[in-house]
Amino acid sequence: MHYSSPWWLAGGHAQTIYPATLMHKPGVQLRRERWVTPDQDFVDVDFLDGEADKPFLVLFHGLEGSSNSHYARALMHKLKTLGWSGAVPHFRGCSGEPNQAPRFYHSGDAQEIDWIIRRLHREFKVAHPQAKFFASGVSLGGNALLRWLGESQSSANIVDAACAVSAPLDLTNSGATLSRGFNRIYTKNFLQTLKPKCLHKLTQFPKLFDRERMLSAKNLYEFDNIVTAPLHGYRDVDDYWHRASACLVLDDIQVPTLVLNAQNDPFMPARFLPKVASTYVTLDYPQHGGHVGFAQGTFPGKLDWLPEKIITHLQTHG
């Protein structure tokens, strides 16, 4: 499937912002379960119940995303029309209620991905042993999924096929890009929700990190250096961004995987997109689409193309 951007939506910023904020999101009814994590925290998982023996697709959302994000609603709606089952696990603190542990979530969270996928797979296969089981991730969730696929290698083959959309494959260069020029609007938007979560976290764990330094962070480099990196076992932000980057493990993936990134994605400039990966990986870099945008059709546009692209890959390779 080839992507062509609509004539009325020009440029990577417009193709990113308009679908995320102004386009109609299809309605879909999801069922929520709360799971206790291995460290006695919780995550909330929103489920779409499909037809017997049809495939299951899990979607890992992006930074500060949720099952209400435009891409999640569009994909779950598409699954509903096909009779598939699906799930959108919320990373810790993203389901509308603060999590309880002294941690959040991050781009290299392969261990978190692992226990979620394995529990989903185990529970789904009990009822549908012959059905296909697929995994997908968007932005941060896509990077974390790729890290899991690469680190797990052959033990990830419980997943029949996978897809990562608009993942920040090179976190160092992606993070630097988000700190410059117009891109700072995205960083500002992220910090507007991340900082209040951090303030609440300090009421739970008063000495977890420096409050004033966190509040003064002006970009993701500063924020991740103060909060994300030390909370999740990294030496500093440079260590985190390097070791968590999915580009380092693309050669190790042994599950049929689509890596989809628009060349005009403001979060991940084309010059930093990986050129090589394992034979299991399809690198697909359309010229346009923005960051998890891929709007299509006449004004006001539709969100159909990305779900159809994901489903086509999974059906073809799974």
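Heads up: the structure comes first, above all this text.
In this report, we go over the structure that sits alongside the text. (Residues numbered from 1 in each chain as written. Predicted model: local features only at pLDDT ≥ 70, side-chain atom pairs only at ≥ 80, totals over all residues. Heavy atoms only, no water.)

**As for the nonpolar core**
Then comes step 1: Ranked by size, the top nonpolar core spans 67 residues in total, and within it Ile-117, Leu-146 and Trp-148 carry the most contacts.
Then comes step 2: With seven residues, helix H3 (residues 110–127) is the largest single contributor of residues to this core.
Then comes step 3: Once residues within four sequence positions are removed from consideration, Leu-146 is found in contact with Ala-164, Ala-167, Leu-169, Ala-246, Val-249, Leu-250, Ile-253, Thr-257 and Val-259.
Then comes step 4: Core analysis: the next-biggest nonpolar cluster, separate from the first, contains 27 residues, Leu-48, Leu-57, Cys-163 and Val-165 among them. (Core = buried A, V, L, I, M, F, W, Y, C linked by side-chain atoms within 4.5 Å. Buried < 20%, exposed > 50% of the residue type's maximum accessible area, 1.4 Å probe, protein only. Helix = DSSP H or I, 4+ residues; strand = E, 2+ residues; numbered from the N terminus. Contact = heavy atoms within 4.5 Å.)

**A short note on the side chain of Arg-147**
Then comes step 1: Structurally, the position occupied by Arg-147 is in helix H4 (residues 140–152).
Then comes step 2: Exposure remark for Arg-147: the relative accessible area of 9% places this residue in the buried category.

**A word on helix H6 (residues 184–204)**
Then comes step 1: Here H6 contains 21 residues, and its C-alpha end-to-end distance of 30 Å stays within 8% of the 30 Å for a straight helix at 1.5 Å per residue.
Then comes step 2: Among the residues making up H6, those that are buried are Tyr-186, Thr-187, Phe-190, Leu-191, Leu-194, Lys-195, Cys-198, Lys-201 and Leu-202. (Expected span 1.5 Å × (residues − 1).)

**Looking at the packing of aromatic side chains**
Then comes step 1: The full count for this structure, using the stated rule, is 19 aromatic pairs.
Then comes step 2: For the ring pair Trp-8 and Tyr-18, a centre distance of 5.5 Å and an interplane angle of 80° mean the geometry is edge-to-face. Pair noted here: Trp-8 is in the segment before helix H1 (12–21) and Tyr-18 is in helix H1, with a separation of ten residues, a long-range link.
Then comes step 3: Tyr-18 sits in the buried class, given a relative accessible area of 12%.
Then comes step 4: Here Trp-35 and Trp-115 contribute two aromatic rings whose centre-to-centre distance is 5.9 Å and whose plane-to-plane angle is 50°, an arrangement assigned as tilted. With Trp-35 in strand E1 (residues 31–36) and Trp-115 in helix H3, this residue pair connects regions lying 80 residues apart in the sequence.
Then comes step 5: Residue Trp-35 is classed as buried on the basis of its relative accessible area, which comes to 1%.
Then comes step 6: On the basis of relative accessible area, Trp-115 is assigned to the buried category, the value being 15%.
Then comes step 7: A network of ring pairs unites the aromatic residues Phe-182, Tyr-186, Phe-190 and Phe-267 as a single cluster.
Then comes step 8: Here the basic side chain of Lys-201 rests over the ring of Phe-104, its NZ or CZ set 5.1 Å away from the ring centre. (Phe/Tyr/Trp six-rings, centres within 6.5 Å; stacked < 30°, edge-to-face > 60°. Lys NZ or Arg CZ within 6 Å of the ring centre and 35° of its normal.)

**Here's the deal with the environment of Leu-75**
Then comes step 1: Among the secondary structure elements, Leu-75 is positioned in helix H2 (residues 70–82).
Then comes step 2: Note on Leu-75: relative accessible area 2%, which makes it buried.
Then comes step 3: In the structure, Leu-75 is positioned 223 residues away from Thr-298 in sequence and 20 Å away in space, judged by C-alpha atoms.
Then comes step 4: In contact with Leu-75, not counting residues within four places along its chain, are Leu-57, Leu-59, Ser-136, Pro-307 and Ile-310.

**Looking at the packing of H2 against helix H10 (residues 305–317)**
Then comes step 1: Interhelical geometry of H2 versus H10 gives an angle of 55° and a closest axis separation of 9 Å. Put simply, H2 runs oblique to H10. Crossing of H2 over H10 shows right-handed handedness. Contact residues: Ala-74, Leu-75, Lys-78, Leu-79 and Leu-82 in H2; Pro-307, Glu-308, Ile-310 and Ile-311 in H10. (Axes fitted to C-alpha atoms, helices over the stretch in contact; angles between N-to-C directions. Parallel < 35°, antiparallel > 145°, perpendicular 65-115°, else oblique. Left-handed = near helix turned anticlockwise from the far one by under 90°.)

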